[in-house]
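Here is how the chains run, residue by residue.
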Amino acid sequence: MSEKQSSGKEKGGKKTSGKVVDISTRLDLPPEKSEVSNVSAAWDLIYEAREIQGREKRVKLANKALELWPDCADAYIILAEDEAGTVEEAAEYFEKAVKAGERVLGKKTFEEDKGHFWGLLETRPYMAARAGLAFMLIQMGKTEEAAQHYREMLALNPGDNQGIRYELAALLVELECDEELGKLLARYEGDGSAAFTYTSALLNFRKDGDSPRSRDLLAEAFKSNPYVPRYLLGRNKLPEQFPTTIGFGDESEAVYFSITFLPGWFMTVGAIDWLREYEAGLKEQGPGGGAKASPKAGRNEPCPCGSGKKYKKCCLGVDNTNEGPSPGGTGDSRQESLRDEIRQFVEGKSFEPVEEFQAETDRFMDVRNVESIEDFDGLSADQMTWLLYYPFDANSPLTINADAAVPEDIPFLRLFTPIIRELARKPLKATATGNLPLKLVKAVANEWSADLPEIYRRHYLRIRSEKDFMDFHTVRLTALMGGFIKKRHQCFSLTKRGESILADGFGGEVFRGLFETYAQKFNWGFRDRYPDLQIVQLASFYALYLLKKYGGEERPMAFYGDKFLLAFPMAIHDVDEKAYSTREETVMQCFALRAMDRFAHFFGFMEYAEKDYDLFNRFERNVRKTPFLDDWISFRLN
C-alpha cells in the first residue's frame, strides 16, 4: 500500500509490520450506529438482488437499498442494467453510481491507493460503475469522453483486472491516436490476446503499409486467433450481443474483437483489403504456410529418444526438440547426454538382428532410469514418473500414514468443517447461481478473517457471493468432487461418505480423500490468471518431497522455485515473456502460488516463518515444513 510503516499496532496492542493502511478511516460512512446498520442492511439487499432472477425483483430491492443508504453505488448499477429504458437513462444511473462511489471512498483512497486500486474490495462498485458509464458514452457517440474514463481507470488500476485496456485500444484506433496507442501496446507488452496482436499489426500497417514487419505482426495475430478474419471479412455473421464468456484463442474472442474493433479496421484505408490478401496468400501456401514442424510425441507413444519406453516414462518434461532451446541448455543437455551415453554403450558392439540392439538399449535404459538424477534432487527418472503420474500407486516413492493425527487448524479443514456442520443440521438450498447460501459464506468468512489485520479483513467483510471467497469456493467444489456432499434439485446435502464424518470424525482417511481429490481432480489453474502450466499441479508431490528434504530450516520461497525450474526447465515454453516478468519468474511464481501456498500450506504441510501476514509479499517470505508433513508423508528412495 502507499502508506508505509515499519511498525504499528492493531486493536488489542498486537504489533504489525510492513505496509498497513486502515481503510476504515477513509470511508465516508455515517458515524451513527443506526445509520451504519442501514448501510449493512443495504448491502444485504444488494447481495440478495444479485442472487435472484427477475428484473422487477432486482429493481425493487435496489430501490429499497437506496432508501437505506443513498450512496449505494451497486443499487444504481442495478437500476442502470434493469430499469433504464434508454442509453441516456442508463448513463445517468451509472453517473450517479460513480458519484456515490467517490463520496464513499473519499479523496484519500484515490490519492494513496492509486496503482493498486482494484486490490481494495470497496473500490469495485465504483470501478464497475465507471466502466458502465464509459460504455454508455460510446453508445451515445461521446468517444473521447469515454476514452478519458478508461485512461483514468488504468491509472488507478494498471493491473487491469477489468480488461479496460482493450476497450481503450479500440477507441484509440477510432480516434487515430496512434502514438498513444503504441504506448498502450508497449505498456502491456506480451499480451497475446487478439485485441492486442491484431491491433499491433494494424498500427504497423498504418505507419509502414504492407511491410515485412507488418506481415510478421499479422502472422502472429493469425496464430493468436485464426477466427478473427472470418468476422472482419464478413464471412461469418456477427451476433447482436457480446458473448457471455470469452476464451483466448477461440471464436468467442473473435466475436468480441470484431464487434469492438471493426470500426477502426474499416476506417483504416486499405486495411481490410490487406487482411484479405494476406489470408489468400496463406491459403495458396497450404496448411502451415511452409515446412511442417516435426510432430510432437504423445504421452503414450514411443519416446523419440529411441529408448523404447513410452514418452511419458522417459523424456516427457525434458525433451525440447520441438520447443526450442531451454535456459542454459538444460533440456538439450539432458537429451544430448542420453544420446552420448547410448552411443558409448553400443560402441564397438554388433547387433544382428536389430531386435538385439533394441533389447540391449532397453536394458541400458532400465538401469539408467533407476539411477539418482541430480536435477531431480536425488530422485530417479522412474521415481519422478511415478510421483508425477501415479503418486498413490504401490510403486510410487510416496507413502501416506493415514493413522497419523490430523490437526484441526489446517486451513482447508477450517473451511470444510462448517460445511459439514451446517449440512448435518439440514440440507441447504443453493442460490440462483448454484452456490452455498450467502449467510453461511459470510459467517465463515467472518470467522476465517478474525485474526487478520484490518486491511485484509475488510475484503472478507464485503463478500457478495461464494465466489468472492475463493478459498471457501474451492473447498466446497473439492467436497463435491470427493463425494462428501451432493447437490440435487438445487439443494446441498451430505452423502453417506459425508455422514460418516459425523460418527467417525475427521480421521486420516477423510483427510486423505480430500487431499487426493484436491491434488488430482480439482483444476488448480481455475483460481488464478497464470497460464495452464499443468506440470505445476503434476509436480505437487515433488514440492512436498522438497519440503520434506529441506523444510527443516527456514528458506525463501524462491529456493523451492529454483529447484522446480531445475527439474522442469521446459515449463518456461508454456508462458510468454512479460514486460514486468521473465518467463522463469512467471513459472516460479506460479509454482510458489499453486504448489506451495495453495497446496502445501492449504493442507497444513508448510507454514510461513514470519508471523506478520502480508498478502502482497507472499513470494518473498521464508517458509518451513510443519511436523504434520513428517508425520503424514514419507518417501521411499532407492
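Our structure is the block above this text.
Residues numbered from 1 in each chain as written. Predicted model: local features only at pLDDT ≥ 70, side-chain atom pairs only at ≥ 80, totals over all residues. Heavy atoms only, no water.

A. Local environment of the overall build of the protein chain. Of the regular secondary structure elements, the protein chain holds 27 helices and ten strands. Across the 638 residues of the protein chain, 49% fall into the buried class. Carbon and sulfur atoms form 49% of the exposed surface of the protein chain, whose accessible area is close to 31,500 Å². (Helix = DSSP H or I, 4+ residues; strand = E, 2+ residues; numbered from the N terminus. Buried < 20%, exposed > 50% of the residue type's maximum accessible area, 1.4 Å probe, protein only. Areas by Shrake-Rupley, 256 points an atom, 1.4 Å probe, with all protein chains shown as cover.)

B. Structural context of the sheet that holds strand β5 (residues 485–488). Here three strands make up an open sheet; going across it, the order is β4-β6-β5 and the pairing antiparallel. Only two strands of the sheet have a single partner each, and these edge strands are β4 (428–429) and β5. Seen against the sheet, helix α17 (residues 411–425) touches β4, β5 and β6 (491–494) and runs at an angle of roughly 95 degrees to β6. (Pairing = 2+ DSSP bridges. Contact = heavy atoms within 4.5 Å. Axes fitted to C-alpha atoms, helices over the stretch in contact; angles between N-to-C directions.)

C. Spotlight on the nonpolar core. Among the nonpolar cores identified, the biggest contains 89 residues, and Leu-544 and Trp-632 are the most heavily contacted of them. With nine residues, the single largest contributor to this core is helix α26 (residues 583–601). Apart from the residues lying within four places of it in its own chain, the contact partners of Leu-544 are Phe-515, Phe-599, Ala-600, Phe-605, Leu-629, Ile-633 and Phe-635. (Core = buried A, V, L, I, M, F, W, Y, C linked by side-chain atoms within 4.5 Å.)

D. Spatial organisation of the side chain of Ser-540. Positionally, Ser-540 belongs in helix α24 (residues 540–550). With a relative accessible area of 1%, Ser-540 lands in the buried category. If sequence neighbours within four positions are ignored, Ser-540 has contacts with Trp-524 and Phe-599.

E. Summary view of the sheet that holds strand β7 (residues 555–556). With respect to topology, three strands assemble into an open sheet ordered β7-β9-β8, the strand pairing being antiparallel. Both outer strands of the open sheet, β7 and β8 (606–608), are each paired with one neighbouring strand and no more. The sheet contact formed by β8 and strand β9 (residues 622–625) spans three bridges and is antiparallel. The partner of Glu-607 across the bridge, within β9, is Arg-624. Strand contacts of α26: β8 and β9, with the helix running at about 110 degrees to β8, the strand carrying the most contacts.

F. Layout of the pairing of β6. Direction of pairing for β4 relative to β6: antiparallel, over a ladder of two bridges. In the strand pairing of β6, Leu-428 is matched with Phe-492. Between the end of β5 and the start of β6, which pair antiparallel, lie two residues, with His-489 showing a positive phi angle near 55 degrees.

G. Just unusual backbone geometry, in detail. Positive phi values are uncommon outside glycine, yet Asp-160 reaches one of about 55 degrees. For Asp-160, a relative accessible area of 2% puts it in the buried group. In this model, Glu-176 sits at a positive phi of 60 degrees, which is unusual for a non-glycine residue. Secondary-structure assignment places Glu-176 in the loop between α7 (164–175) and α8 (178–187). Under the relative-accessibility criterion, Glu-176 is labelled exposed at 53%.

By themselves, these are just geometric observations and shouldn't be taken as functional.
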